[in-house]
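Residues per chain are reported as follows:
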Amino acid sequence: MASGVKVTDEVIAVFNDMKVRKAQANEDEKRKRKKAILFCLSKDLKNIVLDEGKEILLGDIGNTVMDPYQDFVKMLPPDDCRYALYDATYETKETKKEDLVFIFWAPDSAPLKSKMIYASSKDAIKRKFEGIKHEWQVNGLEDLKERRTLAEKLGGSSVVTLEGSPI
């Protein structure tokens, strides 16, 4: 069931920036790259927009952010839904990888109306996010707090590190 919610151009631009890794990016451009970002519904429930201030930049890591995965988990509101993009850096037994993960955060404590609107609007944002290999619906912090859970989504038992930390 579609909700008629629209995805703003700003959200699409952020996705495209995260998806395309510029090989020639200078240090300043790399620092401004988004590691994680949250999206929410606008107040009038008609658009999917950036959740203001809810992002982690690569330049934050090592300065204000020590563990990007844990900081990302802390950004999620405990009692409302969100969509998120997380740029996961991980290693398998064979190689280093980076993949975008689309996350639908719908905690059990969120109001039923919010869960219904976000669930029915999920296809609108997913259609705009072409090329996403990994999708994860999360219904509570217990599903997220262990980085092993994300590692399993990315590559099962072949993943040996996530964000530089062993699994």
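Residues numbered from 1 in each chain as written. Predicted model: local features only at pLDDT ≥ 70, side-chain atom pairs only at ≥ 80, totals over all residues. Heavy atoms only, no water.

Re the pairing of strand β3 (residues 47-57)
Piece 1. Inspection of the sheet shows strand β1 (residues 6-7) paired to β3 by 2 bridges, in the parallel sense. Across the sheet, the residue bridging to Val7 is Ile48, located in β3.
Piece 2. The pairing of strand β2 (residues 34-41) with β3 spans 6 bridges and is classified as antiparallel. Pairing of Leu41 across the sheet is with Ile48, part of β3.
Piece 3. As consecutive antiparallel partners, β2 and β3 are separated by 5 residues, and within that stretch Leu45 has a phi angle of approximately 65 degrees, a positive value. (Pairing = 2+ DSSP bridges. Helix = DSSP H or I, 4+ residues; strand = E, 2+ residues; numbered from the N terminus.)

A few points about the nonpolar core
Piece 1. The biggest cluster of nonpolar side chains holds 26 residues, and the ones touching the most others in it are Phe39, Ile48, Tyr83, Leu85, Ile125 and Phe129.
Piece 2. Put simply, the parts of the chain that give this core at least two residues each are α1 (9-19), β2, β3, β4 (82-92), β5 (96-105) and α4 (112-128).
Piece 3. In terms of residue count, α1 provides more of this core than any other element does, 5 residues in total.
Piece 4. Of all hydrophobic cores here, the second largest spans 24 residues; its members include Val65, Tyr69, Leu76 and Val138. (Core = buried A, V, L, I, M, F, W, Y, C linked by side-chain atoms within 4.5 Å. Buried < 20%, exposed > 50% of the residue type's maximum accessible area, 1.4 Å probe, protein only.)

Regarding the packing of aromatic side chains
Describing an aromatic ring pair means giving the distance of the ring centres and the angle of the ring planes.
Piece 1. Taken as a whole and assessed by the stated rule, the structure comprises 8 aromatic pairs.
Piece 2. Their ring planes at 80 degrees and their centres at 6.0 Å tell us that Phe102 and Phe129 sit as a pair that is edge-to-face. Placement of Phe102 in strand β5 and of Phe129 in the loop between α4 and β6 (134-138) is noted, with a sequence separation of 27 residues between them.
Piece 3. Judged by relative accessible area, Phe102 falls into the buried class, the value being 1%.
Piece 4. Look at Phe129 and you get buried, because its relative accessible area is 3%.
Piece 5. Members of the aromatic cluster, each reached through a chain of ring pairs, are Phe15, Phe39, Tyr83, Phe102, Phe104, Tyr118 and Phe129. (Phe/Tyr/Trp six-rings, centres within 6.5 Å; stacked < 30°, edge-to-face > 60°.)

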